[in-house]
Amino acid sequence: MAACHPHTYENEIYANGLKNIKPSISFHPLEWEAQAKEVLPADSFGYVWGSAGLRETDDNNRAAFRKWAILPSRLVKSGFPNLKTTLFGEEYNYPIAIAPVGVQRIFHPDAEIAAATAARKQAVTYTLSSASSTSIEDVAKANDSGSRWFQLYWPSNKHHDITASLLQRAKAAGYKVLVVTLDTYILGWRPSDLCNAFNPFLRPDNIGVELGFTDPVFRRQFRERHHKEVEEDMGTAAAEWARTIFPGTSHSWEDLQLLRKHWDGPIVLKGIQTVQDAQRAVKAGMQGIVVSNHGGRQQDGGIGSLDVLPEIAEATKDKLEIIFDSGVRSGADIAKALALGAKMILIGRPYVYGLAIGGEAGVSHVLRSLLGDLELTLHLAGIPSVSPEVLNDSVLRRIAS
Ligand SMILES: Cc1cc2nc3c(=O)[nH]c(=O)nc-3n(C[C@H](O)[C@H](O)[C@H](O)COP(=O)(O)O)c2cc1C
Ligand SMILES: O=C(O)C(=O)c1ccccc1
């Protein structure tokens, strides 16, 4: 069970200090990257760290946070801040969730099981990637009574029966929200992976393809095409699964209606960066969007994700739920994105670094650190909760253009 007030993680650390026990993982969010680099093979590290092109979108993601500062109020007599947030009519313990990240076995042998277990223990929502190296059902078992969402890499319409099968499995396994990623119908131009000649799907150990290899429809179709089982020709099957979930070209706005037929819960579109697309999502009857540029991994020369959040929130926040990611590294970053209109913030690379460094304990450490930092940042600014009534742009000052 998570501590009710995550900042109390401090007490544990300082009590250990009296016994000369020092934490094995850094508390500096920016050092997690360096610690992960020490333990990972160069190509695996290059994959998580990598971004598109010259990394300008990634740089802009970080720069966008530095354009805002949090203004404190004094003599605000309140308890520790209430971190609960409400989305889709449900209450969530904390305003952060685990972003969908594929092929976690590249980073640690316990992979998605470690991350989904840590998420449950810290009372943080886990989002399972379509490119998972663990099945939908096994992750659900590890996440158990926790909160979980399912991210879809959307097969082309000719493979609609596979899409339907994935959604039916996710629903049956207790995933409550469908997150449809729109910015990755093909992988971006990533120099780090190109230099290492590293594609997470095209590995001799075929580890990013678990959802396909455990899918009855994909398996049946493979058998009909090749007159053999997936296990008898893993290389071909892995390449076919990669082509199924990264079809190379995009769907259309009209196609969203196909998903609605197979998912009766909330649908969230991930990868929105313009007001126009956010309004199209409203028109298409979607329940939410993730304002995200995929951590700058897909398209170079893009705008910082936080830079577009205020205008998108202004235009659509009363019509759908706004979730945010890309470049979030600290409690203050989380506070700023909430103040600018998001209700939930997805944590990406930081927890992957935690997973690489320390498996389940590493992911827990990252989540507890970010939540503790967030809680004290709000508390010391005199902000009593993450509710939009008190945590909004009135607590921020824009300090750079
Ligand atoms: C190694 C890695 C794998 C990812 N895999 C997926 C994925 O399978 N599905 C998806 O929607 N997003 C994926 N993402 C993007 C994240 O969900 C998220 O948008 C991004 O990491 C946020 O940026 P940040 O890491 O700078 O915080 C991946 C990101 C990383 C770093
Ligand atoms: O790397 C990514 O950003 C991504 O979304 C992904 C996930 C798994 C396999 C390939 C790409």
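What counts, and at which threshold
Residues numbered from 1 in each chain as written. Chains lettered and ligands numbered in written order. Predicted model: local features only at pLDDT ≥ 70, side-chain atom pairs only at ≥ 80, totals over all residues. UniProt positions renumbered as here; feature names shortened; annotations may be inferred. Near = placed C-beta within 6 Å. Helix = DSSP H or I, 4+ residues; strand = E, 2+ residues; numbered from the N terminus. Nonpolar A, V, L, I, M, F, W, Y, C, P; charged D, E, K, R; others polar. Buried ≥ 20, exposed ≤ 12 C-beta atoms within 10 Å, placed from the backbone. Pairing = 2+ DSSP bridges. Right-handed = clockwise from strand over helix to strand, strands pointing away. Contact = placed C-beta atoms within 7 Å.

An unreviewed UniProt entry lists the chain under the name FMN hydroxy acid dehydrogenase domain-containing protein, from Penicillium salamii. UniProt's Sequence similarities (unreviewed entry) comment on the chain is quoted here verbatim: "Belongs to the FMN-dependent alpha-hydroxy acid dehydrogenase family." What UniProt records for the chain under Cofactor (unreviewed entry) is the sentence "FMN".

Caption draft 1: Region of the structure containing the site of ligand 1. Close to ligand 1 lie 23 residues; Ala99, Gly102, Ser129, Gly295 and Gly348 are nearest. Within the residue set of the shell around ligand 1, elements represented by two or more residues are α3 (42-49) and α16 (349-380). Taken together, the residues that form the shell around ligand 1 break down as nine nonpolar, 11 polar and three charged.

Caption draft 2: Quick peek at the pairing of strand β6 (residues 148-152). A large share of β6 lies buried, amounting to five of its five residues. The pairing of strand β5 (residues 125-128) with β6 spans three bridges and is parallel. By the bridge assignment for β6, Tyr126 is matched with Arg148. As for the winding sense of the linkage, the β-α-β connection from β5 through helix α6 (residues 136-143) to β6 is right-handed. The pairing of β6 with strand β7 (residues 178-181) spans three bridges and is classified as parallel. Pairing of Gln151 across the sheet is with Val179, part of β7. Viewed along the sheet, the connection from β6 through helix α7 (residues 160-172) into β7 turns out right-handed.

Caption draft 3: Main features of the site of ligand 2. In the region of ligand 2, the neighbouring residues are Gly102, Val103, Ala131, Thr184, Leu187, Pro200, Phe201, Gly208, His294 and Arg297. Looking at the shell around ligand 2 residue by residue, the class counts come to five nonpolar, four polar and one charged.

Caption draft 4: Structural context of the environment of Thr125. Relative to the assigned elements, Thr125 resides in strand β5. In the structure, Thr125 is positioned 82 residues away from Ile207 in sequence and 24 Å away in space, judged by C-alpha atoms. When sequence neighbours within four positions are dropped, the list of residues in contact with Thr125 reads Tyr92, Ala97, Ile98, Ala119, Ser147, Arg148 and Trp149.

Caption draft 5: Highlighting the UniProt feature "binding site: glyoxylate" (unreviewed entry) in the chain. Per the UniProt record, "binding site: glyoxylate" (unreviewed entry) is found at Tyr47, Tyr153, Arg190, His294 and Arg297. Structurally, Arg190 can be placed in the loop between β7 and α8 (191-195). Those residues in contact with Arg190 that lie beyond four places of it in its chain are Gly50, Ser51, Ala52 and Arg297. With respect to the element layout, Arg297 can be found in the loop between β9 (288-291) and α14 (305-316). Taking the number of C-beta atoms within 10 Å as the measure of exposure, Arg297 has 26 and is therefore buried. Here Arg297 is in contact with Gly50, Ser51, Ala52, Gly188 and Arg190, once residues within four sequence places are set aside.

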